Amino acid sequence: MRIAVTGSIATDHLMTFPGRFADQLVADQLHTVSLSFLVDNLDVRRGGVGANIAFGMGVLGTQPILVGAVGPDFDDYRAWLDRHGVDTGSVRVSEVLHTARFVCTTDADHNQIGSFYTGAMSEARLIELKSVADRVGGLDLVSIGADDPEAMLRHTEECRSRGIPFAADFSQQIARMDGEEIRILLDGATYLFSNEYEKGLIESKTGWSDEEILSKVGHRVTTLGARGVRIERTGHDPIEVGCAEEERRADPTGVGDAFRAGFLSGLAWGVSLERAAQVGCMLATLVIETIGTQEYTLRRSSFMDRFTKAYGDEAASEVRKHLS
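Remember, predicted model here, so these are calculated numbers, not experimental data.

Visitor: Kindly report on the nonpolar core, identifying the contributing residues and their values.
Guide: Soluble globular proteins tend to pack their nonpolar side chains together in the buried interior. Ranked by size, the top nonpolar core spans 56 residues in total, and within it Y191, F259, F263, L283, F303 and F307 carry the most contacts. Residue contributions to this core peak at ten residues, all from helix α9 (residues 273-288). Residues contacting Y191, with those up to four places away along its chain left out, are L141, F166, A167, A168, H219, V221, F263, L267 and L273.

Visitor: Any details on the sheet that holds strand β8 (residues 112-117)? Residues and values, ideally.
Guide: Strand pairs in the sheet, formed through backbone hydrogen bonds, run parallel or antiparallel to each other. Across the sheet, four strands lie side by side as β3-β2-β7-β8; this open sheet has mixed pairing. Taken across any chain shown, the strands that pair with only one partner, and hence form the sheet edges, are β3 (41-47) and β8. Ignoring strand direction, the axes of neighbouring strands in this sheet form an average angle of 15°. Relative to β8, strand β7 (residues 100-106) runs antiparallel, the two being bridged by six bridges. Of the residues in β8, the one forming a bridge with V103 is S115.

Visitor: Tell me about a nonpolar patch on the surface, and please be specific about residues and values.
Guide: On the surface, L25, L30, V33 and L35 cluster together into a nonpolar patch covering about 360 Å² of accessible area. If you trace the backbone, L35 turns up in the loop between β2 (10-16) and β3. A relative accessible area of 42% places L35 in the partly exposed class.

Visitor: Help me get a handle on the side chain of H219, residues and values and all.
Guide: Within the secondary structure, H219 sits in strand β12 (residues 219-223). Under the relative-accessibility criterion, H219 is labelled buried at 14%. The residues contacting H219, other than those within four sequence positions of it, are T190, Y191, L192, I231, E232, R233 and L273.

Visitor: Can you lay out the packing of helix α4 (residues 149-162) against helix α5 (residues 179-186) for me, pointing to particular residues and giving the numbers?
Guide: Two numbers describe how α4 lies on α5: the axes approach to 9 Å, and their chain directions differ by 35°. Handedness of the α4/α5 crossing: left-handed. Across from M152, L153, T156, E157 and R160 in α4, the residues of α5 making contact are E181, I184 and L185.

Visitor: Go over the packing of aromatic side chains, please, and point to the residues and values.
Guide: Across all of its chains, the model carries eleven aromatic pairs by this definition. With centroids separated by 4.9 Å and ring planes inclined at 55°, the aromatic side chains of F21 and F37 adopt a geometry described as tilted. Within this pair, whereas F21 is found in the loop between β2 and β3, its partner F37 is found in the loop between β2 and β3, the two being separated by 16 residues in sequence. On the accessibility criterion, F21 (6% relative accessible area) is buried. Measuring from centroid to centroid gives 5.6 Å for F55 and W80, while their planes differ by 5°, and the two rings are stacked.

Cut-off values and rules
- Residues numbered from 1 in each chain as written.
- Predicted model: local features only at pLDDT ≥ 70, side-chain atom pairs only at ≥ 80, totals over all residues.
- Heavy atoms only, no water.
- Core = buried A, V, L, I, M, F, W, Y, C linked by side-chain atoms within 4.5 Å.
- Buried < 20%, exposed > 50% of the residue type's maximum accessible area, 1.4 Å probe, protein only.
- Helix = DSSP H or I, 4+ residues; strand = E, 2+ residues; numbered from the N terminus.
- Contact = heavy atoms within 4.5 Å.
- Pairing = 2+ DSSP bridges.
- Axes fitted to C-alpha atoms, helices over the stretch in contact; angles between N-to-C directions.
- Patch = residues over 30% accessible without salt bridge, like charges linked within 9 Å, V, L, I, M, F, W, Y side chains within 5 Å.
- Areas by Shrake-Rupley, 256 points an atom, 1.4 Å probe, with all protein chains shown as cover.
- Salt bridge = Lys/Arg side-chain N within 4 Å of Asp/Glu carboxyl O.
- Left-handed = near helix turned anticlockwise from the far one by under 90°.
- Phe/Tyr/Trp six-rings, centres within 6.5 Å; stacked < 30°, edge-to-face > 60°.

Here it is in structure tokens:
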């Protein structure tokens, strides 16, 4: 099963300020703020929802096709993704814009000042999915994640017009979208991904009830934080899968992307929806135990031991034969 993953590709530049931002602010001078903070640490991490999902699928051995736009500074990141099983042949390289990046400084009170540079991400709207499909011999599913809004709309419309099944996954972009845009992006989706808060926001912005949305999508997949995930389909009982036990909690960033990577990999393997969700929850657990969205290591024996403990021998036997 050939799955293309569209979405943002970015790097995160994270810094730590040992003091408090509040101590540097003068109440009657806030209209002319001009500050510079001497920071202790700089941590540069690979990120972007499209790249995070593709990385997770790559380490699970399902060879995803990453679709997005980057700058000429992408060479090292590309090599990293290629080495971890991601097909980057359909990533567009801008001639004039840098790869998107998030620059953020966190103070001693965990307050943050950050900026997001979209950069080359704006050129994702120029990518034609037909050229991607022609290059790889066809597409069985396209996951349309948070990206340049025009790109998300174009990819959705192209999937509909060409009859390519797609997954709608707005995540960070849902806050800026209006109801009409959301209605366009989800109508006819084979899978609709969101977390619990986003689920309510989708219903509020579209004016559609849960039942109405279920009638317009094949499957509604809602992540529930520490409670796991729920999968709903019209005419079927919901499927609920809990999280695997955590060994530690280091950083929640990228956990949702990891779940999607595991779930989509399960679909690529052809296992049941329940098994796919279990793989997603297990991979998400690895991410929450690691600082960084792509810094975890998947060791097959350890992964399967923990998967067996969480979901039982029968589930493990079905998954083990697919995990390379």
